Amino acid sequence: MSKDLKILCKDPALELSCYRDHQFSGRKFQQEKLLKESSTLNMGNLSFYTTEEKIHELFSRSDIRNIFMGLDKIKKTACGFCFVECHNRADAENAMRFLTGTCLDEWIICTDWDVGFREGQQYGRGKSGGQVRDEFREDFHSGRGGFGRQTQI
Amino acid sequence: CLLCFTTYSERLRICQMFVGMRSPKLEECEEAFTAAFQGLSDTEINYDERSHLHDTFTQMTHALQELAAAQGSFEVAFPDAAEKMKKVITQLKEAQACIPPCGLQEFARRFLCSGCYSRVCDLPLDCPVQDVTVTRGDQAMFSCIVNFQLPKEEITYSWKFAGGGLRTQDLSYFRDMPRAEGYLARIRPAQLTHRGTFSCVIKQDQRPLARLYFFLNVTGPPPRAETELQASFREVLRWAPRDAELIEPWRPSLGELLARPEALTPSNLFLLAVLGALASASATVLAWMFFRWYCSGN
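Residues numbered from 1 in each chain as written. Chains lettered and ligands numbered in written order. Predicted model: local features only at pLDDT ≥ 70, side-chain atom pairs only at ≥ 80, totals over all residues. Heavy atoms only, no water.

### As for the state of the cysteines
Residue and element names in this part refer to chain B. The condition that has to hold: Any two cysteine sulfur atoms within 2.5 Å of one another count as a disulfide. Numbering of helices and strands starts at the N terminus; helices are DSSP runs of H or I of at least 4 residues and strands are runs of E of at least 2.
Going through the model one piece at a time under the given rule, you end up with five disulfides over all chains. Covalent S-S linkage joins Cys98 and Cys121, the inter-sulfur distance amounting to 2.4 Å. Residues Cys98 and Cys121 are joined by a disulfide whose S-S torsion is about -90 degrees; by sign, that bridge is left-handed. One end of the pair, Cys98, is in the loop between helix H5 (74-91) and strand E2 (110-112); the other, Cys121, is in the loop between strand E3 (117-119) and strand E4 (126-135), and 23 residues separate them in sequence. Shown here is the disulfide that connects Cys102 with Cys127, its sulfur atoms set 2.2 Å apart. What sets the handedness of the Cys102 and Cys127 disulfide is the S-S torsion sign, and at about 85 degrees it is right-handed. On the criterion of sequence distance, the pair formed by Cys102 in the loop between H5 and E2 and Cys127 in strand E4 is long-range, its members being 25 residues apart.

### Digging into a nonpolar patch on the surface
The following threshold applies: Residues with no salt bridge and a relative accessible area higher than 30% make up the patches, which join like charges within 9 Å and nonpolar side chains (Val, Leu, Ile, Met, Phe, Trp, Tyr) within 5 Å. Using the Shrake-Rupley algorithm and a 1.4 Å probe, accessible areas are obtained, with residue cover drawn only from the displayed protein chains. For this document, the term salt bridge refers to a Lys or Arg side-chain nitrogen within 4 Å of an Asp or Glu carboxyl oxygen.
A surface patch of nonpolar side chains, about 360 Å² in accessible area, is lined by Met141(B), Ile145(B), Tyr183(B) and Leu184(B). Of note, Ile145(B) is situated in the loop between strand E5 (140-143) and strand E6 (155-162).

### A few points about helix H4 (residues 50-69) of chain B
Residue and element names in this part refer to chain B. What counts here: To estimate how far a helix should extend, the number of its residues minus one is multiplied by 1.5 Å. Exposure is judged per residue with a 1.4 Å probe applied to protein chains only, and the accessible area is read against the type maximum: over 50% gives exposed, under 20% gives buried, and values in between give partly exposed. Note that the arc is computed from the directions linking the helix axis to the C-beta atoms. Should any heavy atoms of two residues lie within 4.5 Å, those residues are counted as being in contact.
Relative to the 28 Å expected for 20 residues at 1.5 Å per residue, H4 spans 29 Å between its end C-alpha atoms, a close match to the ideal helical length. Considered for burial, the residues of H4 that qualify are Leu53, Thr56, Phe57, Met60, Thr61, Leu64 and Ala68. For H4, the arc enclosing every buried residue in end-on projection is 150 degrees, short of the 170-degree limit, so these residues lie on one face. The outward face of H4, more than 90 degrees from its buried face, is lined by the exposed residues Gln59, Glu66 and Ala69. Contact partners of the buried residues in H4: helix H1 (2-5), helix H2 (8-19), helix H3 (26-36), strand E1 (44-46) and H5. One or two steps after H4, the chain reaches Gln71, where phi turns positive at roughly 65 degrees.

### Quick look at the environment of Thr61(B)
The topology assignment puts Thr61(B) in helix H4. Each C-alpha atom, one on Thr61(B) and one on Arg11(B), is 8.2 Å from the other, the two residues being 50 residues apart in sequence.

### Some details on the pattern of salt bridges
Two side chains carrying opposite charge are able to pair once their charged atoms lie near each other. Residues and elements named next belong to chain B. By the definition in use, this model includes five salt bridges over all chains. Close ionic contact of Asp131 with Arg167 constitutes a salt bridge, the shortest N to O distance being 2.3 Å. Within this pair, whereas Asp131 is found in strand E4, its partner Arg167 is found in the loop between E6 and strand E7 (175-176), the two being separated by 36 residues in sequence. Taking the relative accessible area as the measure of exposure, Asp131 reaches 52% and is therefore exposed.

### Points about the interface of chain A and chain B
Applicable threshold: Two parts placed together each lose some accessible area; with a 1.4 Å probe, that loss summed over both constitutes the buried area. The definition of a polar contact used here is a pair of N or O atoms within 3.5 Å, where within protein one atom must be able to donate a hydrogen and the other to accept one, and adjacent residues in sequence count solely through side-chain atom pairs.
The interface is formed by 21 residues belonging to chain A together with 24 residues belonging to chain B. At the boundary of chain A with chain B, total buried surface from both sides reaches about 1800 Å², with 42% on carbon and sulfur atoms. Linking chain A with chain B are zero salt bridges, by the criterion used here. Counting across the chain A and chain B interface gives two residue pairs in polar contact (both at pLDDT 80 or more). Mapped by element, the contributors of at least two residues to the side of chain A that touches chain B are helix H3 (52-58) and strand E2 (64-71) of chain A.

### Focus on the packing of aromatic side chains
Threshold: The aromatic pairing rule takes the rings of Phe, Tyr and Trp, using the six-membered ring of Trp, and pairs them if the centres are within 6.5 Å, calling planes under 30 degrees apart stacked, those over 60 edge-to-face and the rest tilted. We call a charge positioned over a ring when the NZ of a Lys or the CZ of an Arg lies within 6 Å of the ring centre and within 35 degrees of the ring normal.
All told, the structure shown has 17 aromatic pairs over all chains when counted by the stated rule. Between the aromatic rings of Tyr157(B) and Tyr183(B), the centroid separation amounts to 6.3 Å while the plane-to-plane angle is 55 degrees, which identifies the pairing as tilted. One end of the pair, Tyr157(B), is in strand E6; the other, Tyr183(B), is in the loop between E7 and strand E8 (184-187), and 26 residues separate them in sequence. Residue Tyr157(B) is classed as partly exposed on the basis of its relative accessible area, which comes to 24%. Under the relative-accessibility criterion, Tyr183(B) is labelled partly exposed at 40%. In textbook terms, an aromatic cluster arises when at least three aromatic residues are bridged by ring pairs, as seen for Phe5(B), Phe18(B), Phe33(B), Phe37(B), Phe57(B), Phe74(B), Phe78(B) and Phe111(B). The ring centre of Trp113(A) lies 3.7 Å from the NZ or CZ of Arg89(A), which sits over that ring. A cation over a ring is seen here: Arg109(B) above Tyr47(B), with NZ or CZ 5.6 Å from the ring centre.

What follows is the structure, encoded as structure tokens:
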């Protein structure tokens with residue numbers, strides 16, 4: 001198949017992005033293999049006020065086994081991401097196709113593959129308890145907790 | 001459970017009411033508040049009882065605020081509140097056990113206070129394939145029933161079939177069976193063409209709860225007509241060599257061939273098109289050669 005025609009067979013939603021969980025204990029090729037077989041999605045860039053029920057509605061109440069909301073490690077409140085566990089790979093692929101770039105609570109969400117939810121993974125990894133990306137943010141976003149932590153200090 | 005059902009601002013507000021807005025004891029109060037409820041961190045409750053527990057924590061928050069306004073002590077108030085909360089939790093409806101081997105069992109979903117999330121049973125949506133064997137001509141019946149309790153409202157059943165004798169759980173092979181409704185499906189009489197896998201999906205408000213699979217194997221002798229056909233075929237085989245010399249070859253004309261229903265097949269149409277194209281090209285070349293000879297003669 002020529003290079004020009006190969007583009008017709010590509011599915012950008014199913015290709016692995018550059019996102020990798022740096023706390024994954026294993027080799028890179030093992031992680032990639034698990035990502036290609038996983039049925040768990042990582043949804044990011046959510047508003048802090050997006051609830052689990054909203055995400056269920058986004059999925060039209062189908063094809064979801066569990067939703068694990070990302071939480072601030074200290075405050076235990078939502079901090080802008082979640083893990084969505086689907087029943088099988090096909091359902092997860094459909095979700096990846098149709099939800100990437102969707103607007104939810106005025107935020108464009110982004111979806112990535114994840115190897116699977118593990119206890120403790122739902123907490124933010126920033127020093128102040130939230131996500132690292134919000135530590136160094138200097139602009140103001142009411143849906144993301146206001147100013148970044150660095151600016152507040 | 002304290003961190004799951006109360007917000008940071010609420011907890012901070014309570015401590016500020018106890019010790020003051022900028023008191024040095026503010027941090028100590030927050031730590032005491034969290035430590036008093038540490039015994040509930042491993043609690044697991046029925047997911048449906050979440051709102052009840054949330055309301056109880058809200059009432060506790062108001063009670064603590066009133067106690068703080070009355071100049072109470074947080075060293076006494078927090079352990080007392082935690083003890084009362086523990087009693088409330090023990091009175092909640094317990095999370096039910098999972099029933100294997102399959103299905104989305106929402107009644108068994110539990111909320112874990114250790115991580116502030118809920119988890120459903122770790123069971124697949126696809127149930128194991130059930131084998132059904134019937135004799136040709138008999139009735140085959142499938143019951144779309146699971147061994148766990150289904151919700152009482154908005155339950156629908158959709159049936160699908162993967163033919164060709166396939167035994168599979170791959171949904172891409174299945175086609176809808178519009179005539180099948182409800183939790184019972186029957187085939188009467190069963191024929192050899194019914195061999196394959198039947199699937200039933202139980203849904204609640206478009207959410208799949210379980211997918212059941214039934215592999216139907218139809219057994220039995222071939223039908224009587226087929227036996228008679230085989231006997232006739234054997235007679236024809238015995239008769240053919242003796243009368244072969246009497247058969248005359250049939251030479252139809254082009255019109256007779258085109259009049260037959262099977263004449264206009266895609267390959268024949270293609271051949272006719274090619275023939276027409278060649279004829280047209282030949283005529284064009286001949287005309288060009290004639291005009292070239294005629295002009296060169298002048």
